[in-house]
Amino acid sequence: MLEAFICRTIGHRINRRRVWNDGIDFRTSCPRCGMELIRDPDQWRDYDPARHDNPGRLPHPRERPDPG
């Protein structure tokens, strides 16, 4: 709860080592509060499935089926 308050107040923390490409945009999650984030051209924003969902988006690399 405190983490969510900190993120609402000063912004989310971006761990650049955990950024991945979903085929359309770059994505990550805030290590402090766990919020999924999406990269817009000028800043990171909260990922809103209703607004950002697209059938062309790939799942997280850990969730993709094994190609072999």
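Right above here is the structure, for reference.
Keep in mind it's a predicted model, so treat the numbers as computed, not measured.

**Student:** What exactly am I supposed to notice about the pairing of strand β3 (residues 36–39) here?
**Tutor:** For a regular strand, side-chain orientation follows a simple rule: the groups alternate between the two sheet faces. The pairing of strand β2 (residues 26–29) with β3 spans three bridges and is classified as antiparallel. Residue pairing for β3: Thr28 is matched across the bridge by Leu37. Hairpin geometry of β2 and β3 is characterised by an intervening segment of six residues between the two adjacent antiparallel strands and by a positive phi of about 85° at Gly34. Pairing of β3 with strand β4 (residues 44–46), which is carried by three bridges, proceeds in the antiparallel orientation. Paired with Leu37 across the strands is Asp46, a residue of β4. Turn length for the β3-β4 hairpin, with the two strands adjacent in sequence and antiparallel, is four residues.

**Student:** Just checking my understanding: could you explain the environment of Pro49 for this structure?
**Tutor:** With respect to the helices and strands, Pro49 occurs in helix α2 (residues 49–52). Residue class for Pro49 comes out partly exposed when judged on its relative accessible area of 44%. Along the primary structure Pro49 and Asp22 are separated by 27 residues, whereas in three dimensions their C-alpha atoms are 13 Å apart.

Definitions and cut-offs
- Residues numbered from 1 in each chain as written.
- Predicted model: local features only at pLDDT ≥ 70, side-chain atom pairs only at ≥ 80, totals over all residues.
- Heavy atoms only, no water.
- Pairing = 2+ DSSP bridges.
- Helix = DSSP H or I, 4+ residues; strand = E, 2+ residues; numbered from the N terminus.
- Buried < 20%, exposed > 50% of the residue type's maximum accessible area, 1.4 Å probe, protein only.

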